[in-house]
Amino acid sequence: MSVWDAKDALDELELLSQTAGAEVTDRVTQRLQKINGATYIGKGKVDELRRLVASRDSDLVIFDDDLNPVQVRNLERELKCKILDRSGLILDIFAARARTATAKVQVEIAQLDYMLTRLTRQWTHLSRQKGGIGTKGPGETQIETDRRLIAKRISVLKEKLDRIDRQRTTQRKAREEKFRVALVGYTNAGKSTLMNALSNAGVRAEDKLFATLDATTRSISLGPRTDILLTDTVGFIRKLPHSLIESFKSTLDEVRESDGLLHIVDLSHPRHEDMIAVVNATLQELDAYMKPQILVFNKIDAVESGGVLERMRDAYPDSLFVSALRGIGLKDVVERLGELSRGRSEEIAVTLSVTNARGRARLHELAEVVSEELLPPAGGDGQDQSTLYIVFRAPAARRDAILRETGARPVLPTEERPPLTTPIPRLEQ
């Protein structure tokens, strides 16, 4: 890792620490050929940290990498203060930010998974030791008891989360007829601000990391008969703990099952290209990288150098440049979302009884009617057997719902198109 990479990593760690409520007094780095198995850092650096902690009267030292239980124990013994690693810090922030029951369950599962290998005799409050069948009885060691209690608690929480997942799956199925777009991006890129600007969603938006943990979905109109669902999701970050990705599966399913992605990038951040790489790597882990994606560079009003804007326009010619906070470029986002949703649409031919006025009107509400013509009556006598031959454009996922609501009958590809009479006038929109 270069000096600049280390500085950027510590800048982010400091912001994470401040988000968690810590006051940062010092930053320490060390170049090592090999990680010290006992204390992670070298003996000389441990002595330096001990003096620094004593002089500052510090009660917490945070490491940017994950530590194993032995390293944490040894460092706490040497430094006489609490030791926290990056994953533990992120989990602490998630715990403080969780608002809904779903987020709280997800965070608690991640915390318990994290603590399972870091037991310190602190879980006996969950249950008393009991003898008999199915337990080890009084002879069980304290650590074994703690481990069993945590595993039992995780099992209970996962059952609860499974119930929530089933409810969310039902909700997602009810929304399948609409085109779904997920907002993704590095944490604090401005996803929630953009969500609010496009949909008046009222999502909590702060200049802090992980201000949003819960997926929020809102319907936005892109024009006549063109509504899509926009979902704000949890932000990604470098070295996001794997336990969090697993626990937040139900929230991140919104990304997996979306029809397209709106990838938001903080252009004012000096390492915005690294952030793009982190998000893309996380999307690959979620099997969502191949989805249609619109790259949106946000916070252009905060970019100090005009050269940065020009360089990124050249490097990403198909991307958008906006300021969600000031409302700059939002029209371009709406237009591009419309293009994305129409790109998944298809032309569908149906027949509809000429007497079904309500079904015809509903079809004009739900879809973009391309053509509408009158078929001659099957018997040729002009009496009540006339039908409409209609071609409309709509997302494939909405096809069955539109047919149900209108009573239209799909024309199969193998059917021969019947002779048509003069096109009939369109309905007034």
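For the structure, see preceding data.
Now for a quick tour of the structure. (Residues numbered from 1 in each chain as written. Predicted model: local features only at pLDDT ≥ 70, side-chain atom pairs only at ≥ 80, totals over all residues. Heavy atoms only, no water.)

### What to know about the overall build of the protein chain
Stated formally: Helix and strand definitions here come from DSSP, where helices need a minimum of 4 consecutive H or I residues and strands a minimum of 2 consecutive E residues; each element is numbered from the N-terminal end. Remark: exposure states derive from per-residue accessible area (1.4 Å probe, protein chains only) relative to the maximum for the residue type, with buried under 20%, exposed over 50%, and partly exposed in between. Contacts were defined at the residue level, with two residues in contact if any of their heavy atoms lie within 4.5 Å. Only the protein chains shown count as cover for residues, and all accessible areas are computed by the Shrake-Rupley method using a 1.4 Å probe.
In terms of regular secondary structure, the protein chain is built from 14 helices and twelve strands. Relative to its 429 residues, the protein chain shows a buried fraction of 45%. Pairs at least 24 apart in sequence give 68% of the contacts found in the protein chain among residues at least 6 apart. Approximately 22800 Å² of the protein chain is accessible, and the part contributed by carbon and sulfur atoms is 49%.

### Things to note about the sheet that holds strand S7 (residues 293-298)
Selection rule: The pairing criterion for strands is at least two bridges between them, as found by DSSP. Note on definitions: angles span 0 to 180 degrees between N-to-C directions of axes, and those axes are lines fitted to C-alpha atoms, for helices only across the stretch in contact.
In space, the six strands of this open sheet follow the order S4-S5-S3-S6-S7-S8, with mixed pairing throughout. Every other strand in the sheet has two partners, leaving strand S4 (216-223) and strand S8 (320-321) as the edge strands with one partner each. Relative to strand S5 (residues 226-232), S4 runs antiparallel, the two sharing seven bridges. The partner of serine 219 across the bridge, within S5, is leucine 229. In the packing of helix H12 (residues 330-343) onto the sheet, the strands contacted are strand S3 (179-185), S4, S5, strand S6 (260-266), S7 and S8, and the crossing angle to S4 comes to about 90 degrees.

### Some remarks on the packing of helix H4 (residues 86-97) against helix H5 (residues 101-115)
Condition: When an angle is under 35 degrees it counts as roughly parallel; over 145 it counts as roughly antiparallel; between 65 and 115 it counts as roughly perpendicular; any other value is oblique. Handedness of a crossing is defined here by the sense of rotation of the near helix relative to the far one, left-handed for an anticlockwise turn of less than a right angle and right-handed for a clockwise turn.
Where H4 contacts H5, the two axes come as close as 10 Å, and the packing angle between them is 155 degrees. As summarised for this structure, H4 and H5 are arranged roughly antiparallel, according to the angle between their axes. The two elements H4 and H5 meet at a crossing, and its hand is left-handed. Across the interface between the two elements, Ser87, Gly88, Leu91, Phe94 and Ala95 from H4 touch Val107, Ala110, Gln111 and Tyr114 from H5.

### So, the environment of valine 369
Here valine 369 is to be found in strand S10 (residues 368-375). Considering only alpha carbons, one finds valine 369 and arginine 393, 24 residues apart in sequence, at a separation of 6.2 Å.

### Thoughts on the sheet that holds strand S11 (residues 387-395)
Taken together, four strands build an open sheet; the order of strands is S10-S11-S9-S12 and the sheet is antiparallel. Lying at the two open borders of the sheet, with one neighbouring strand each, are S10 and strand S12 (409-410).

### Description of the pattern of salt bridges
The condition that has to hold: By definition, a salt bridge exists where a carboxyl oxygen of Asp or Glu is found within 4 Å of a side-chain nitrogen of Lys or Arg.
Inspection of the entire model under this criterion finds 22 salt bridges. The residue glutamate 14 makes a salt bridge to arginine 27 at a minimum N-O spacing of 2.7 Å. Separated by 13 residues along the polypeptide, glutamate 14 in helix H1 (residues 3-19) and arginine 27 in the loop between H1 and helix H2 (43-56) bring together distant segments of the chain. Assessed through its relative accessible area of 38%, arginine 27 is described here as partly exposed. Close ionic contact of glutamate 273 with arginine 311 constitutes a salt bridge, the shortest N to O distance being 3.2 Å. Linking glutamate 273 in helix H10 (residues 272-285) with arginine 311 in helix H11 (residues 306-315), this pair joins segments that are 38 residues apart in sequence. According to the relative accessible area criterion, arginine 311 is partly exposed, its value standing at 42%. Connected through shared salt-bridge partners, Lys7, Asp11, Glu14 and Arg27 make up one network.

### Considerations on H2
The line we're drawing: Residue count minus one, scaled by 1.5 Å, sets the expected span of a helix. The arc in question is traced by the directions running from the helix axis to the C-beta atoms.
An ideal rise of 1.5 Å per residue puts 20 Å on 14 residues; H2 measures up with 20 Å between its terminal C-alpha atoms. Every buried residue of H2 is listed here: Lys45, Val46, Leu49 and Val53. Buried residues of H2, seen end-on, are gathered within an arc of 100 degrees and therefore sit on one face of the element. Away from the buried face of H2 by more than 90 degrees, exposed residues Lys43, Arg51, Ala54 and Ser55 are located. Those residues of H2 hidden inside the fold are in contact with strand S1 (60-62) and helix H3 (69-79).

### Focus on the pairing of S7
This is how it is decided: Place the viewer so that the strands point away; then a crossover is right-handed whenever the path from the first strand over the helix to the second strand goes clockwise.
Burial within S7 is extensive, with five of its six residues counted as buried. With H10 bridging S6 and the parallel S7, this β-α-β connection has right-handed handedness. Alignment of S7 against S8, held across two bridges, turns out to be parallel. Counterpart to valine 296 in the pairing with S8 is leucine 320.

### Overview of the side chain of lysine 45
Positionally, lysine 45 belongs in helix H2. The exposure class assigned to lysine 45 is buried, which follows from its relative accessible area of 14%. Each residue touching lysine 45, except ones within four places of it in the same chain, is listed here: Val28, Thr29 and Gln30.

### Let's talk about the side chain of aspartate 85
What counts here: Between N or O atoms, a polar contact is any pair within 3.5 Å; within protein, one atom must be a potential hydrogen donor and the other a potential acceptor, and residues adjacent in sequence are included only when both atoms are from side chains.
Following the sequence through the fold, aspartate 85 ends up in the loop between strand S2 (82-84) and H4. In this structure aspartate 85 comes out as buried when scored by relative accessible area, which is 2%. Among the polar contacts made by the side chain of aspartate 85, one reaches the side chain of tyrosine 114 at a distance of 2.5 Å.

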